[in-house]
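Chain residues, written in single-letter form:
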Amino acid sequence: MITRLSVLISVLILGLPLMALFSSAVHAQNVALEAGVSQDLAIARRAILSDINYGLRFDIPAEESEAIAASATISFNLRNASAPLQLDFRESADKLHRVNSNGSESDYRFEQEHLIIPASELQSGRNRIEIDFTAGDSSLNRNPEFLYTLFVPDRARTAFPLFDQPDLKATWELTLEIPAHWQAIANAPEAEVSEQGGRKTIQFARSDLISSYLFSFVAGEFEKVTREINGREISLLHRESDEEKVARNLDAAFELHGAALTFLEEYTGIAYPFQKFDFALIPGFQYGGMEHVGAIQYRADSIFLDESPSQNQLLSRASLIAHETAHMWFGDLVTMQWFNDVWMKEVFANFIAAKAVNPSFPEINHELGFLLRHYPSAYAVDRTEGANPIRQNLPNLNEAGTLYGNIIYNKAPVMMRQLEALVGEATFREGLRDYLSQYANGNASWPDLIEILDGKSEENLQQWSQVWVNTPGRPHVQVHAFPSGTTLSVVQQDLSGASRVWPQRFSISFKEGEGANQQSNSSNVYSLQTAAIAQTAEGELSIINADGFGYGLFPARPDSLQQWQQLNEVERGSLLIALYENMLEGEVISPQQYASELLNIAIGEDNQLLLNRALGYLSNIYWSLLSESQRQALTPTMENQLWLAMQAAEDSSKKKLYFDAWANIALSEEVLNRLQAVWNGDAIIEGLNLSETDYIDLASNLAIKRPSQAEAISNQQLERIENPDRKRRFEFVMPALSSDQAERDSFFESLKVEANRAREPWVLDGLNALHHPLRTAQSEKYLQASLELLQEIQQTGDIFFPARWLAASLGNYRSEAAVHTVRSFLRERPEYNAQLRMKILQAADPLFRAARIVNAGQ
C-alpha cells in the first residue's frame, strides 16, 4: 500500500500539483476502452506519460511471405500508477508472445486493439515494458525485394505496440537484421553494422525526439548514392534499372534538396534540426512523398523524371522536394497536438514550398504556378455537397486519414497567402519564427499560432480564422457597375445562408485602347465586408480576380477569350479557371463551346503551365460533359489539331504534352492505327521521347480502345518491360485491361480481399481501366459494391486511398442510374460515417454535374 507520505514525496519529486495528479488519475480511470486511439485516451496518457524511449528490433527475412520476429523495450516516466495503462496494437492477440513489466511477467489483457498493463505492475517514476511479438505486416509495405514503413497517421500500432499519438514524442533506438546484400536507412545514423551468415545487423543511433507517425525505416535491394551537399552528407536509395534515367536526374535530386534546406534554414532562422538527412525513392509509393525525419520517402517517378519533362513536371518535382523538406521544421520539429490540426503541417509545407522553389526556377511564373496548382483542386471540393472545412473535429485517430484531401493541401495554402497579405509578410514571418522557437521539439495547435500572430497584428484574426478555417465552402462574388459608371459594387454571396464573408484581397483589371495599342491596368479590391466599393480605373472591365489572389466563384465572360493575347499569364490562368467553374454551374458558357475555345487556346499557347491546364480541362469536358454525338463531332477536329500541334512543337516537353493529349482522346481507326504504330516502334516521331512507363500507358490505352487485340497487346507489352517493379505492376493490372467481361468481373471481385488491395497504386491503375469512359456501361454494376467496400478500405488502407478509390470508381460516370446508386446508398444509411459521407459526395460531384449537363443537352 502507498502511504499518504509516499504520495506527497512522489508529487514533490515530479514537480506536480497534487490536484493535477489526482485529476489525471481520475481521467485515466474513466477513459472508455474502445478501438483506435480516442481523444480522451490521448489526453489521459499525455497527462501521465513523459520521457518515452522505444528500443525496437526487427528480424526481416528475405522472403516476403515469412513472418517478421520483433521485440520492443518501452521505457517511460509515469506520473500516476493508479490506473491500468493502455498501449496500442492493432493486431491479433496471438502475435504477442511475451510481455514483461518492470522485470516480471505481465498479467496483461488484450482488448479492443489495446495491450493493457495492470496498475499493480506499474510504478510512479520510471517504467520498463518488454514485449516479444510478430510484427504486423499491413503498414510494412512488404515487396519481394524490399519493404518500407508508412505509419501516418495512426498505423505504427499495426506493426508494433506503442503509445500511438502525435503529442507523445519519443526517442527511438532501432536494430534491423536483414539480408547481407540489402541496404537500409532510418531516422538516425547507423551506429554499428555487423555481418554473419549472410545476414546483416544494423544498429542505428538513438533518434531525435519525434512523433510515432514519423518513425520509419526502408530496407531492401536498393542502390545507394551518397553525396556531400552544402557541407551535409546526404544518401539516396533507389531501384531504377534505367541507368540513363538515373544519370539525367541524380544531380537535380540532390541539388533541389540542398536548395530547399538552405532556404528553410534562412527563412526560419533555425538550422536543420535533426541528425541526418537521407531519402529513398520507392516504386509505386502511395503518396508523392512522406516526411519521415532523416529518411524522406518519395514515389520514385516523382523524382526520377522521364526524358524531356514539361515545365509543370519540373516545377512539381521541385515543389514536392521543398514540401517534404519544409516538413522537417513544420510538422517534425513542431508537430500538431492532435490530428485535427494535421492541415497545419501540410499548409506550412505547401506554402513555404512555393516560396522555396522560386529561386531555382526564375524562368517560371510562380504566381501563375501557385494559382494553377492550388485553386482548381480546392474548388473541386468546395463546390461540392460534401465540402469540408480546413479544420475538422476528430474524436478518434482511426478516422484521421479521412481528414486528408484537397482542402488541406490546396485551399489551406490559399488561406495562408491571404493571411500573410492581411498581417504583412514581415509580421507573418516573424510570427512563424516565434512559433517554431516556442514549440520546438514539442506540439502546438492552430489557436497557438493565431494567438502569436494576433499579438503582432491589429486585425481580428480570431474572426478571420472562423470563416476561412472553421467553415467549408467558397463565396460567390458578384461585381456590378453603378449607372454613373464610376464605381463598382463588389458583393460576396454565401449560398449556405450563413451570411459569411471571406475577408480577402483580389484585383480587377481594365483594358483601354484597341488592338496593339490596348493597355491593361488594375484596381485592388479588399473585400472585407459584404459589399465593397471600388473606384474604377479608366477603360472597360476585363478580368475579375485578375491577379489570381481571390478565392471564390468569380464572374467571367467568354468574350474575354478574344483578348487572350493581350492578357498577362496570371490573367489567362484566372480566366481559364473562372470560365470552367461557371460552366460547371451552368452559367456563361456551354461545355461544347468551351471545348472549342480550349482547343484553340491549347494550339497557340506557349506557356506550358497554361497549356497543361487547358488540355486538362479539355480532356475533362471531352470525356465527361459532352454527349456521345457531341464527342463524335469534335473528335476528328481534336485528333487532327493536336497531332499537327505535336508535330509543329519544337520543344520536346511541349511536344510530349500534345502527344499525351492526342493519345488520350484518340478514337478513330486511322488515329488508333497511327498510335499503335508508335507503340510498336513502327512509327518514330522526331523529337518525341518515350519511356518504358509511356509505352505501358500506351499499351493500356490501346487495349481498352481495341478490345479485339487487348490480350495480344498486353502480353506483348509485358514481355517488353525490363524493370521488375514495373513488370509486376503491369501484370497485376492486365486482367482489368482484358476484353473478357468475366475476367474483369473476377478482377473486381478480387479487390474485396484486403490482401489484394495491399499495393494501392496498382489497385488504382486497375480501377481506372475498369471504369474507363468507354466501359462505363459494362462497369456501372461495380458501383454499389465499391461504395459498400468504402468503410473497410478506410480502416485498412492508407490515408488517401478512400478518396482515390471513390474518384477512380465514380469519376467517369454520368448516367442517372449511377446518380441513383450513390443517392440511394447514402439515403438508406442515415447513420453512415460522416467523414466518409463527405468523401462520397465530393467524389460524386463530377457525376452529379455531368448527369445534369449531359441530360439537359439531349
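Residue numbers here run from 1 along each chain, matching the order of that chain's written sequence. Given that this is a predicted model, residues contribute local features only at a pLDDT of at least 70 and side-chain atom pairs are listed and counted only at 80 or more, while totals for whole chains, interfaces and linings are drawn from all residues. Remark: hydrogens and water are excluded; side-chain values derive from all non-hydrogen atoms of the structure.

1. A few points about the overall build of the protein chain
Spelled out, the test is: In DSSP terms, a helix is any run of H or I states spanning at least four residues, a strand is any run of E spanning at least two, and both are numbered starting from the N terminus. Working definition: with a 1.4 Å probe on protein chains only, accessible area under 20% of the residue-type maximum means buried, over 50% means exposed, and in between means partly exposed. Here, residues are in contact when the closest pair of their heavy atoms is within 4.5 Å.
On a plain count of helices and strands, the protein chain comes out with 29 helices and 27 strands. In terms of principal-axis extent, the alpha carbons of the protein chain reach across some 90 × 70 × 60 Å. The buried share of the protein chain, taken over its 858 residues, is 59%. Expressed as a percentage of contacts within the protein chain between residues at least 6 apart in sequence, the contacts between residues at least 24 apart total 72%.

2. Looking at the sheet that holds strand S7 (residues 114–117)
The condition is simple: Should DSSP find at least two bridges between two strands, the strands are taken to pair. Only the stretch in contact is used when a helix axis is fitted, and all axes are lines through C-alpha atoms; the angle between N-to-C directions ranges over 0 to 180 degrees.
Ordered by their spatial adjacency, three strands build an open sheet running S3-S7-S6, and the pairing between neighbours is antiparallel. Of all the strands in the sheet, the pair left with one neighbour each is strand S3 (85–88) and strand S6 (109–111). Across the sheet, the axes of successive neighbouring strands diverge by a mean angle of 30°, strand direction being ignored. Pairing geometry for S6 and S7, over three bridges, is antiparallel.

3. Quick word on the confidence of the model for the protein chain
Rules: Note: pLDDT gives the predictor's confidence per residue, expressed from 0 to 100.
Mean pLDDT over the protein chain works out to 92, with 92% of the residues at or above the 70 mark. Low pLDDT (under 50) marks residues 1–22, which in the prediction has 13 contacts with non-local residues, meaning those over four places away or in another chain. A low-confidence stretch, residues 515–521 (pLDDT under 50), is modelled with 19 contacts involving residues beyond four sequence positions or located in other chains.

4. Some remarks on the pattern of salt bridges
If charged atoms from side chains of opposite charge come close, those side chains can pair. Quick note on the threshold: When a carboxyl oxygen of Asp or Glu is within 4 Å of a side-chain nitrogen of Lys or Arg, the pair counts as a salt bridge.
All chains considered together, the criterion is met by 59 salt bridges. A salt bridge links arginine 557 to aspartate 559; its shortest N-O distance comes to 3.1 Å. One continuous salt-bridge network, built from bridges that share partners, spans Arg383, Arg474, Glu581, Glu585, Asp845 and Arg849.

5. Some points on the environment of leucine 174
The residue leucine 174 is located in strand S10 (residues 170–179) in this model. Sequence separation between leucine 174 and leucine 419 is 245 residues; the distance between their C-alpha atoms is 41 Å. If sequence neighbours within four positions are ignored, leucine 174 has contacts with Leu56, Phe58, Ala186, Ile202, Gln203, Phe204, Phe215 and Phe217.

6. Remarks on the environment of isoleucine 621
Relative to the helices and strands, isoleucine 621 is located in helix H15 (residues 608–625). A sequence separation of 391 residues divides isoleucine 621 from asparagine 230, and the C-alpha atoms of the two residues are 47 Å apart. Dropping the residues within four chain positions of it, isoleucine 621 is found in contact with Tyr580, Met583, Pro591, Tyr594, Ala595, Leu598 and Leu626.

7. What to know about the nonpolar core
Put simply, the rule is: Nonpolar cores are built from buried Ala, Val, Leu, Ile, Met, Phe, Trp, Tyr and Cys residues. Side-chain atoms within 4.5 Å join them into one set.
Core analysis: the biggest nonpolar cluster contains 239 residues, and Phe58, Phe160 and Tyr594 have the highest contact counts within it. Looking at which element gives the most residues to this core, the answer is helix H7 (residues 342–357), with twelve residues. If near-sequence neighbours (up to four positions away) are discounted, phenylalanine 58 is found in contact with Ile68, Ala69, Ala70, Ala135, Phe160, Leu174, Thr175, Leu176, Glu177 and Phe217. Counting residues in hydrophobic clusters, the runner-up holds 46 residues, among them Val763, Leu806, Leu826 and Ala843.

8. Focus on the packing of helix H21 (residues 724–737) against helix H22 (residues 741–750)
Convention followed: Note on angle classes: values under 35 degrees are labelled roughly parallel, values over 145 roughly antiparallel, values of 65 to 115 roughly perpendicular, and the remainder oblique.
Packing of H21 against H22 leaves a shortest axis separation of 7 Å and a crossing angle of 125°. Considering the angle they form, H21 stands oblique to H22. The residues of H22 that touch H21, namely those facing Phe732, Pro735 and Ala736, are Glu743, Arg744 and Phe747.

9. Structural notes on the packing of aromatic side chains
Aromatic ring pairs are defined here through the distance separating the ring centres and the angle between the ring planes. Filter applied, for reference: Classification of ring pairs uses Phe, Tyr and Trp, with its six-membered ring standing for Trp, and accepts pairs whose centres are within 6.5 Å; under 30 degrees between planes counts as stacked, over 60 as edge-to-face, and the remaining range as tilted. Any Lys NZ or Arg CZ that is within 6 Å of a ring centre and within 35 degrees of that ring's normal is treated as a charge sitting over the ring.
Summed over all chains, the structure comprises 47 aromatic pairs. When the ring of phenylalanine 151 is compared with that of phenylalanine 215, the centres are 6.2 Å apart and the planes differ by 15°; the resulting orientation is stacked. Of the two residues, phenylalanine 151 is situated in the loop between strand S9 (146–148) and S10 and phenylalanine 215 in the loop between strand S13 (199–204) and strand S14 (217–220); the sequence distance between them amounts to 64 residues. Judged on exposure class, the residue phenylalanine 151 and its partner phenylalanine 215 are both buried. Note on phenylalanine 506 and phenylalanine 554: the rings are 5.0 Å apart at their centroids and 75° apart in plane angle, and the pair reads as edge-to-face. Of this pair, phenylalanine 506 sits in strand S24 (residues 504–512) while phenylalanine 554 sits in the loop between strand S27 (540–544) and helix H13 (569–584), and the two are 48 residues apart along the sequence. Overall, the relative accessible area of 4% leaves phenylalanine 554 in the buried class. Pairwise contacts between aromatic rings join Phe146, Tyr148, Phe222, Phe285, Tyr287, Tyr404, Tyr409 and Phe800 into one cluster. Over the ring of tyrosine 622 we find arginine 631, and its NZ or CZ is 5.8 Å from the ring centre. Of note, arginine 823 hangs over the ring of phenylalanine 848, and the distance from its end group to the ring centre comes to 3.8 Å.

10. Observations concerning the pairing of strand S15 (residues 223–229)
The two faces of a sheet get side chains in turn, since along a regular strand they alternate between them. Here S15 pairs with strand S16 (residues 232–238) via seven bridges, running antiparallel. Bridge pairing links isoleucine 229 to arginine 232 in S16.

11. Some words on helix H4 (residues 243–268)
Which entries qualify depends on this criterion: In this scheme, a helix's expected span is set at 1.5 Å multiplied by one less than its residue total. By definition, a residue's bend is the angle between the axes fitted to the seven residues ending there and the seven starting there. Pairs of N or O atoms are called polar contacts if they sit within 3.5 Å, as long as, within protein, a hydrogen donor faces a hydrogen acceptor (for residues adjacent in sequence, only side-chain-to-side-chain pairs).
For H4, built from 26 residues, the straight-helix expectation of 38 Å at 1.5 Å per residue is met to within 8% by its first-to-last C-alpha distance of 37 Å. Roughly 40° is the biggest bend found in H4, and it falls at asparagine 249. Where H4 begins, the capping side chain belongs to aspartate 242, and its oxygen is found 3.1 Å from the backbone nitrogen of glutamate 244.

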